[in-house]
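Fold and geometry: a report
Residue-level listing of the chains:
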Amino acid sequence: MSIKYVFITGGVVSSLGKGLTSASIGHLLECRGVKIAMLKLDPYLNVDPGTMNPFQHGEVYVTDDGAETDLDLGHYYRFTHSPLTKASNATTGQIYDTVIKKERKGDYLGKTVQVIPHVTDEIKARILACAAQEKDTQVVLVEIGGTVGDIESLPFLEAIRQFRYERPSDCINIHLTYVPFLKAAGEVKTKPTQHSVQALREIGIVPDMILCRCEDPLGADLKAKISLFCNVREEAVIDEKDVEHSIYEVPTDLHRQGLDEMVCKMLGLKTGPADLSRWERMLQSVLHPKGKVTIGVVGKYMDHQDAYKSVYEALRHGAIAAGVDLEIRRFESDRIVENGSVEAAIKGCDGYLVPGGFGERGWEGKVLTAKYCRTKGIPYFGLCLGMQVMIVEFARNVLGLKKAHSTEVDPNTPDPVISMLSEQKQIQNLGGTMRLGAYPCELKPDTLAFKAYGKKIIWERHRHRYEFNNHYKTAFEEKGMFFAGTLEKGTLCEISEVAGHPWMLGVQYHPEFKSKPLEPHPLFRDFIQSIILYKRSDTWAASPRLTTA
Ligand code: GLN
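Residues numbered from 1 in each chain as written. Predicted model: local features only at pLDDT ≥ 70, side-chain atom pairs only at ≥ 80, totals over all residues. Heavy atoms only, no water.

Overview of the sheet that holds strand β18 (residues 435-443)
Strand order in the open sheet formed by nine strands is β13-β12-β14-β15-β23-β22-β21-β18-β19, and the pairing between neighbours is mixed. In the strand order of this sheet, the two ends are held by β13 (325-332) and β19 (457-464), each with one partner. Neighbour to neighbour, the strand axes of the sheet diverge by 25 degrees on average, direction disregarded. As defined by bridge partners, strand β15 (residues 380-383) adjoins strand β23 (residues 504-507) across four bridges and the pair is classed as parallel. Among the inter-strand pairings, L383 is bridged to a residue of β23, identified as V507. The strands touched by helix α15 (residues 363-376) within the sheet are β12 (292-299), β14 (351-354), β15 and β23, with β14 carrying the most contacts at an inclination of about 150 degrees. Of the strands in this sheet, β14, β15, β21 (481-487), β22 (493-498) and β23 are in contact with helix α16 (residues 385-397), which crosses β22 at around 50 degrees. (Pairing = 2+ DSSP bridges. Helix = DSSP H or I, 4+ residues; strand = E, 2+ residues; numbered from the N terminus. Axes fitted to C-alpha atoms, helices over the stretch in contact; angles between N-to-C directions. Contact = heavy atoms within 4.5 Å.)

Overview of the packing of α15 against α16
At a closest axis distance of 8 Å, the pairing of α15 and α16 adopts a crossing angle of 70 degrees. As judged from the angle between their axes, α15 and α16 are roughly perpendicular. Remark: the crossing between α15 and α16 carries right-handed chirality. For the pair α15 and α16, the contacting residues are W363, E364, K366, V367, A370, K371 and R374 in the first and L385, Q388, V389, M390, V392, E393, F394, R396 and N397 in the second. When the residues that make up the contact of α15 with α16 are grouped by side-chain class, the tally is eight nonpolar, two polar and six charged. (Parallel < 35°, antiparallel > 145°, perpendicular 65-115°, else oblique. Left-handed = near helix turned anticlockwise from the far one by under 90°. Nonpolar A, V, L, I, M, F, W, Y, C, P; charged D, E, K, R; others polar.)

Concerning the site of the ligand
G356, G357, F358, C384, L385, Q388, E408, R463, H464, R465, Y466 and H510 make up every residue found near the ligand. Between R465 and the ligand, the recorded distance is 2.9 Å, taken from a backbone N or O atom to an oxygen atom. Backbone polar atom of Y466 to an oxygen atom of the ligand: 2.8 Å apart, as the coordinates give it. Considering the ligand on its own, with 290 Å² of exposed area, one finds that the protein chains cover 99% of that surface. Counting only elements with at least two residues in the shell around the ligand, the list comes to α16 and β19. (Near = heavy atom within 4 Å. Polar contact = N/O pair within 3.5 Å; in protein donor to acceptor, adjacent residues only side chain to side chain. Areas by Shrake-Rupley, 256 points an atom, 1.4 Å probe, with all protein chains shown as cover.)

A closer look at the packing of aromatic side chains
Here the structure, examined in full by the defined rule, presents 18 aromatic pairs. When the ring of F79 is compared with that of Y248, the centres are 5.4 Å apart and the planes differ by 40 degrees; the resulting orientation is tilted. Taken together, the positions of F79 in helix α3 (residues 72-79) and Y248 in the loop between β11 (237-241) and α9 (250-256) put the pair 169 residues apart, joining distant regions of the chain. Residue classification places Y248 among the buried positions, given a relative accessible area of 1%. Between the aromatic rings of F381 and F527, the centroid separation amounts to 5.4 Å while the plane-to-plane angle is 55 degrees, which identifies the pairing as tilted. Taken as a pair, F381 in strand β15 and F527 in helix α19 (residues 522-536) lie far apart in primary sequence, 146 residues in all. An identical accessibility class is assigned to F381 and F527; each is buried. Members of the aromatic cluster, joined through ring pairs, are F381, W503, F524 and F527. The ring of Y301 has R361 sitting right over it, with the charged end atom 6.0 Å from the ring centre. Lying over the aromatic face of Y77, K516 brings its terminal NZ or CZ to 4.2 Å of the ring centre. (Phe/Tyr/Trp six-rings, centres within 6.5 Å; stacked < 30°, edge-to-face > 60°. Buried < 20%, exposed > 50% of the residue type's maximum accessible area, 1.4 Å probe, protein only. Lys NZ or Arg CZ within 6 Å of the ring centre and 35° of its normal.)

Considerations on the pattern of salt bridges
Under the counting rule described, the total for this entry stands at 37 salt bridges. With its nearest N and O atoms 2.8 Å apart, the salt bridge here joins K4 to D170. Placement of the pair is K4 in strand β1 (residues 4-10) and D170 in the loop between α6 (154-166) and β7 (171-178), with a sequence separation of 166 residues. The buried category is assigned to K4, whose relative accessible area is 6%. A salt bridge links D70 to K40, with the shortest nitrogen-to-oxygen separation between them at 3.0 Å. With D70 in the loop between β4 (68-69) and α3 and K40 in strand β2 (residues 36-42), this pair connects stretches of sequence that are 30 residues apart. Beyond isolated ion pairs, a larger network of salt bridges with shared partners links K40, D42, D70, D72 and E143. (Salt bridge = Lys/Arg side-chain N within 4 Å of Asp/Glu carboxyl O.)

Regarding the environment of G340
On the secondary structure map, G340 appears in the loop between α13 (333-339) and α14 (342-346). Sequence separation between G340 and G365 is 25 residues; the distance between their C-alpha atoms is 9.8 Å.

Some remarks on the nonpolar core
In this structure, V6, V139, L141, I174, M209, L259 and V263 are the most contacted members of the largest nonpolar core, which totals 55 residues. When residues in this core are grouped by element, the largest group, six residues, is from helix α1 (residues 18-31). Those residues within four positions of M209 in sequence are excluded, and the remaining contacts are N173, I174, H175, V232, A236, I238, L259, M262, V263 and M266. Formed by 39 residues, the second largest nonpolar core is a distinct cluster that contains I346, L399, A404 and F476. (Core = buried A, V, L, I, M, F, W, Y, C linked by side-chain atoms within 4.5 Å.)

Given below as structure tokens:
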């Protein structure tokens, strides 16, 4: 049987949750036993989002093979088992880069190089490359970034029009749109949806299904209206109302309206019924938590919903594993310093997490957070930069190296406890040149890390240029900070822990990229679990602290 393709476009406004919706559709197909692959096409000119400010773009999601990709791939990871590699995300920048390189090589044999067919051919080639990643893929879900009507997404829409024209019985189009409730009129409005479908039809794409983002379920009359104006069957107009408690409700809401059955029917895919039992059990523990944990996240982009997307989700997974509710309090690290008292600025949480980051802004507030947690015995979890600040704080306040720093912030520090990776020193371009992707790490027995993972060798994903300076290793170990994990057969320190502290752990990698609601990451699970143990016992003495190496 030929491979089938589901194209997902978005209309009216951005931020409708197209990534989440695409991931949910992927999840439902997997629940029916279908093998899927997912692809995100992004219309911007950056080759990848790696060089973009998180305020602009949100989180950069890193794959095992070291691609810096759109954060929607994080949704794909959390909801599905799609392969996620360099072939899973393509931008206009990448497409043009390839076309221009081919032109310079002379591959176009004297032709005028044009958007149609050369750019659209390259887009179609990316779709086929995604499909070809694994040999038994049955359905490829292709999410087109941006909003229909944008100038920059036109080549992508044209490419998927051609793709379907070439494979009429193997493709469907799903359009995600917004159906707003106008307070002043007291009415739900379908006109923006009609217009965005009109814009699609001008290009030659007629959607097979319309998903309507709305506050409350749409009544039959509104669905009939959308159906009539948009040329889509009434049963294929589906609500996607705002979720009440958790984004993990989206797949079950869509399933209840028959979405997956309809998609399979439209594509001529024969499958058994969807088995959502594991997902539903997980949802039950989200909806009926026993107890609550409050985590303070101390970072730089706290007003931006998506800047630490995978971190917030991984914390939720840890809470799901423990069956508790999670409150995340976000603290701007700058303000901790302005406030003058770290305690006044951030107190009141059960544990603190310092996520990854770049540059000088916010450094000292994070160092103060690490000190607060270390000296008060409060659980601390540092990710990438969060490990580096934990090390700098320890150097300054325990080793007495008052001016210790990372050379990223102070290139002239007398004690560069964090310094540039040697392989990074020759690098000139900033895009795609960090230490990226999955590396092995060997764990020491009798450490919090080993206890969490339960094995000696782990693989985790990296995205950094700086690392712990091994010159200081013995001095740190003598004073009680030890390194629970190092690069296999190598010397890079990937995990730091503090002897005698209940749970203070930093990792030079990004465990948040490898956590799923059904498979919570062991470190996030244990971070939350350690807090619960702490809250139950009056003192940490009662908690099962391991002796340190
Ligand atoms: N800026 C630090 C480095 O490059 C940390 C990077 C990160 O947190 N991802 O090493």
